[in-house]
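Architecture at a glance
Listed below are the residues making up each chain.
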Amino acid sequence: MSTLTIIFLVLVIGLAGAFLAYRYSRSLAAKDGAQLHSRPIYHASYVACWAMIPALLALMVWLVVSPIVIASDVRGSFPEGILAETSLTEDLAYGIVESLGSGLRVLPADERETITDATPVAELRELLNQRGVPIASASADWMVPLAIQLNGMQIFSRWAMTAVVVLLALGGAFWGYRNIAPRLRARNGVERVVTGALIAASSIAIMTTVGIVFSMLFETIDFFSRISPMEFFFGTEWNPRFSGAGSEGSAGSFGFIPLLAGTLYIGFVAMLIAVPIGLFAAIYMAEYADSRTRSVVKPLLEVLAGIPTIVYGFFALVTVGPFLRDLSAQISGLVTGDYTSFIQAQSVLTAGLVMAIMLIPFVSSLSDDIITSVPRSLRDGSLGLGATRSETIKRVILPAALPGIVSALLLTASRAIGETMIVVLAAGVAANLTINPFDAMTTITVKIVAQLTGDLEFNSPQTLVAFALGMTLFVITLCLNIYALYIVRKYKEQYE
Amino acid sequence: MENIQATLNRGQAVQSAKPIKMKSQDVTVHYGSKQALNGITLDIPERQVTALIGPSGCGKSTYLRCLNRMNDTIDSASVGGKITLDGEDIYDPAIDVVELRARVGMVFQKPNPFPKSIYENVAYGPKIHGLSRNKQELDEIVHTSLKKAGLYNEVKDRLDEPGTGLSGGQQQRLCIARAIAVSPEVILMDEPCSALDPIATATVEELIDELRENFTIVIVTHSMQQAARVSQITAMFHLGDLAEVGPTEKMFSNPDDKRTQDYITGRFG
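These lines cover the structure that appears in this document, whether it is placed above or below. Predicted model only: the values in this text are computed from it and were never measured.

Section: the overall build of chain A
A tally of helices and strands in chain A yields 18 helices and 2 strands. If you line up chain A on its principal axes, its C-alpha atoms span 90 × 85 × 40 Å. Within chain A, buried positions represent 41% of all 496 residues. Summarising the internal contacts of chain A: among those between residues at least 6 apart in sequence, 72% fall at separations of at least 24. If you sum the accessible surface of chain A, you get close to 26,100 Å²; carbon and sulfur atoms cover 67% of it.

Set out below in structure tokens:
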């Protein structure tokens, strides 16, 4: 029975239990006119919870645990020393056994009967190939009995799981139904289940973050065991030569400084342009625009946020970059008479400018919400003292909105630091270390992509460095966010 | 009733004819298509407390907000008729609304100190209007305003602490000090005690009575006792109309209008 069928069965049991509980509860109320603690719908939900939650939890645990148990059992019965003779690793061998085992289930019953422990693997492989199941040529005869054993265990596990889950569902429904009484606090019970579900939902997000960190952590540690952290964090040259086959030892240099500098520089230029424009737009929308203007301008600004960043990249590559280059040629021509452009088509300035356009709606939309949420009474108080609108904004509203605005800006900064596509197209992929904004630079994210694309093995420093870069980026944005929280808290303590 | 009568006898002895500070003629207010005031004609005497009373939604706060053009900040509001301050039409396009609001200050229903220190709250108005040439003068203004608002002794050691940290009554007196600091001629108060407990209310009422010496005060209140205690003139609003206006003593003892009579005897409201 497939997992979906089992889930469906559990749902049916739950619904049936709920229906019966509803009827029973109604009859209780009608029969002795007793005052029910909870309305019948709560009794129904109570029974449904008892029927479904333990059963589905058991299903989940079983699905996670049984492959682990089966795998360890099968691996335990690998013949002694056999792996040492061949070039197979244990994982690879187990993978072949597994695909043999699942192949067995594809075969029709009469053909499966013919397979025994003594069947040579070549014969089985031939049989499976006819059914469209390819098996690695590294398979060996000793794997056949293991595959049969594995298959048997899996089938047994599935039957046992079905039985346990369905029994749990029935038992739960029965237990819940038996508990129904006029004074049963079903309402409170259902409330607890709702709370639990909400907690589970929020912990999933946290667990995922932790999972992501750990998945990067081990690769990062692996990287640092090959390249010293000193070289990575303080090196000023980025040149991770892709070592061809056989050229061991030419690892290249992994200086992180040019990438960090590029990331911060491009982000800085972008914020320098986006923050004033976005903030002023927000102030206009929140304080000056009448509701009709606002209802047109705000959605229009937010359209910018919906444009995919790769499109901004095109815009930079095709329009802004060449424009800046030609403009600089004209300027230098006018000043010195020599028409050479001093801005390259791909430059920090181009990337910063286009990224700023992308960030404006973030800054303006977030700040607008924050400014609008400053209580009206503060505005009235200031205007009532004879302050002008701009004095009110500068001296009362912006200070009151400051913590919110700062955290909005830091959020925007995190986005600027994480941006990839615009940088690839607008600033190039050359890892320069320069302070000239008219030169090409590149960022951490661009290099992560560059290191992970292509046909590579996953155990060389050239690819592992991507994880170290990712981890560093994560730490940087984490610090930014923590700092944002700190600012907000400090300010709140002071004034509220 | 007896209670109110007793208060009246004490408070109204000083009643005498005073020059008119603000005059309104046929003032109307529309919020969108809804008319909130139907032609109010009312004189506000100088250095007196004028109380505006009436049931909720009768337009008394709307009228108050016309007197320093706070209705300008509401997009949908439009004001008609004529209001003069010392004979000048305050809705004249030549009038600077910012200057007007410096002359006609306002204290709101809910205390609304800025999220700044006590000192900065009071110094805010003088700073934006450039009323002081140096720090000493500014200090002087802040201290005097706080003293006039009867708050100085309670806060003199913590002028740097946030104004939002004070109690409700103290916050409201801080807002009054803030309004006084720009030396307005008229102070408008929109139910200044409705968010306060009885003791804080008593303090603020005493303060209002003292402020009458230097300022013209218009106060909107829900409490008839309060109107009787602090005001010399009372105007009764009803459904956007001015039902009756007269010396407070007369309004509470012998009102001409049936609606006033019903309201002060608690038949509606």
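So, the overall build of chain B
The helix and strand tally for chain B stands at 11 helices and 10 strands. Relative to the 2.2 N^0.38 estimate, which gives 18 Å for 269 residues, the radius of gyration of chain B is 18 Å and therefore close to what a compact globule would have. In terms of overall dimensions, chain B has a C-alpha envelope of 55 × 45 × 30 Å along the principal axes. Across the 269 residues in chain B, those meeting the buried criterion constitute 54%. Considering only contacts in chain B between residues 6 or more positions apart, those separated by 24 or more positions represent 66%. With an accessible surface of roughly 11,400 Å², chain B has 47% of that area assigned to carbon and sulfur atoms. Looking at charge distribution, chain B has the averaged site of its 29 positive side-chain charges lying 1 Å from that of its 35 negative ones.

A word on the packing of helix α13 (residues 348-372) of chain A against helix α15 (residues 389-418) of chain A
The packing of two helices is summarised by the inter-axis angle and the distance between the axes. Residue and element names in this part refer to chain A. Contact pair α13 / α15: the axes reach a minimum separation of 9 Å and the direction vectors enclose 150°. Relative to α15, α13 is oriented roughly antiparallel. The hand of the α13/α15 crossing is right-handed. Contacts between α13 and α15 involve M355, M358, L359, F362, V363, L366, I370 and I371 from the first element and I397, L398, A401, G404, I405, A408, L409, L411, T412, R415 and A416 from the second.

Here's the deal with the nonpolar core
Core analysis: the largest hydrophobic core is formed by 73 residues, its most contacted members being F223, F232, M355 and L469 of chain A. Broken down by element, this core gets its largest block of residues, 12 residues, from helix α10 (residues 257-288) of chain A. Sequence-distant contacts of L469 of chain A, defined by excluding residues within four places in its chain, comprise F232, W238, F256, L259, I444, K447 and I448 of chain A. If you look at the next biggest cluster of nonpolar residues, it comprises 46 residues, including I53, L174, I187 and M236 of chain B.

As for unusual backbone geometry
All names here are of chain B. Its identity is not glycine, yet R47 carries a phi of approximately 50°, on the positive side. For R47, the position within the fold is in the loop between β2 (34-45) and β3 (49-53). Of the residues examined, R47 reaches a relative accessible area of 38% and is grouped as partly exposed.

Things to note about the packing of helix α2 (residues 40-76) of chain A against helix α4 (residues 90-106) of chain A
All names here are of chain A. Between α2 and α4, whose axes approach to 11 Å, the crossing angle comes to 110°. When the axis of α2 is compared with that of α4, the two are roughly perpendicular. Contact residues: α2 offers I70, A71, V74 and R75, while α4 offers E90, D91, Y94 and V97. Partitioned by chemical class, the residues of the contact of α2 with α4 number 5 nonpolar, no polar and 3 charged.

Topic: the layout of surface pockets
What the largest pocket holds in volume is close to 560 Å³. Of the residues contributing to the lining of the largest pocket, the split by class is 10 nonpolar, 5 polar and 9 charged.

Things to note about a nonpolar patch on the surface
Residues and elements named next belong to chain A. A surface patch of nonpolar side chains, about 760 Å² in accessible area, is lined by I53, L57, M60, V61, V64, V65, I68, V69 and V193. With 8 residues, α2 is the single largest residue contributor to the nonpolar patch. In this fold, I68 is placed in helix α2. Accessibility expressed as a relative area gives 56% for I68, which makes it exposed.

Overview of the pattern of salt bridges
All names here are of chain B. Applying the stated criterion across every chain yields a total of 25 salt bridges over all chains. Two residues, R229 and E205, come together in a salt bridge whose shortest N-O distance is 2.6 Å. Of the two residues, R229 sits in helix α9 (residues 224-230) while E205 sits in helix α8 (residues 198-211), which places them 24 residues apart along the sequence. Since its relative accessible area comes to 38%, R229 is described here as partly exposed. Judged by relative accessible area, E205 falls into the buried class, the value being 8%. Between D209 and R212 there is a salt bridge; the shortest N-O distance is 3.4 Å. When its relative accessible area of 36% is taken as the criterion, D209 is described as partly exposed. If you follow the salt bridges from partner to partner, you end up with K21, D86, E88, R103 and E185 in one network.

A few points about the environment of N68 of chain B
Its place among the elements puts N68 of chain B in the loop between α2 (60-66) and β4 (77-85). Between the C-alpha atom of N68 of chain B and that of Y91 of chain B, which follows or precedes it by 23 residues, the distance is 9.5 Å. Excluding anything up to four places from it in sequence, N68 of chain B contacts G384 of chain A together with L100, R101, V104, M106 and L188 of chain B.

Considering the packing of aromatic side chains
Per the counting criterion, the structure on display carries 16 aromatic pairs over all chains. Across from the ring centre of Y152 of chain B, 4.9 Å away, lies the NZ or CZ of K147 of chain B, which sits over that ring.

What about the sheet that holds strand β5 (residues 88-89) of chain B?
Residues and elements named next belong to chain B. Across the sheet, 4 strands lie side by side as β2-β1-β4-β5; this open sheet has antiparallel pairing. Both outer strands of the open sheet, β2 and β5, are each paired with one neighbouring strand and no more. Pairing geometry for strand β1 (residues 20-31) and β4, over 8 bridges, is antiparallel. Residue pairing in the sheet places S24 in a bridge with I83 of β4.

Criteria and thresholds
- Residues numbered from 1 in each chain as written.
- Chains lettered and ligands numbered in written order.
- Predicted model: local features only at pLDDT ≥ 70, side-chain atom pairs only at ≥ 80, totals over all residues.
- Heavy atoms only, no water.
- Helix = DSSP H or I, 4+ residues; strand = E, 2+ residues; numbered from the N terminus.
- Buried < 20%, exposed > 50% of the residue type's maximum accessible area, 1.4 Å probe, protein only.
- Contact = heavy atoms within 4.5 Å.
- Areas by Shrake-Rupley, 256 points an atom, 1.4 Å probe, with all protein chains shown as cover.
- Rg over C-alpha atoms; globule rule 2.2 N^0.38 Å.
- Lys, Arg positive; Asp, Glu negative; His and termini not counted.
- Charge placed at Lys NZ, Arg CZ, Asp CG, Glu CD.
- Axes fitted to C-alpha atoms, helices over the stretch in contact; angles between N-to-C directions.
- Parallel < 35°, antiparallel > 145°, perpendicular 65-115°, else oblique.
- Left-handed = near helix turned anticlockwise from the far one by under 90°.
- Core = buried A, V, L, I, M, F, W, Y, C linked by side-chain atoms within 4.5 Å.
- Nonpolar A, V, L, I, M, F, W, Y, C, P; charged D, E, K, R; others polar.
- 1 Å grid on protein atoms, 1.4 Å probe; cavity = no way out; pocket = protein on both sides within 12 Å on 5 of 7 lines; lining within 4 Å.
- Points joined across faces, edges and corners; volume = space filled by probe spheres on them.
- Patch = residues over 30% accessible without salt bridge, like charges linked within 9 Å, V, L, I, M, F, W, Y side chains within 5 Å.
- Salt bridge = Lys/Arg side-chain N within 4 Å of Asp/Glu carboxyl O.
- Phe/Tyr/Trp six-rings, centres within 6.5 Å; stacked < 30°, edge-to-face > 60°.
- Lys NZ or Arg CZ within 6 Å of the ring centre and 35° of its normal.
- Pairing = 2+ DSSP bridges.

Geometry only, nothing functional implied.
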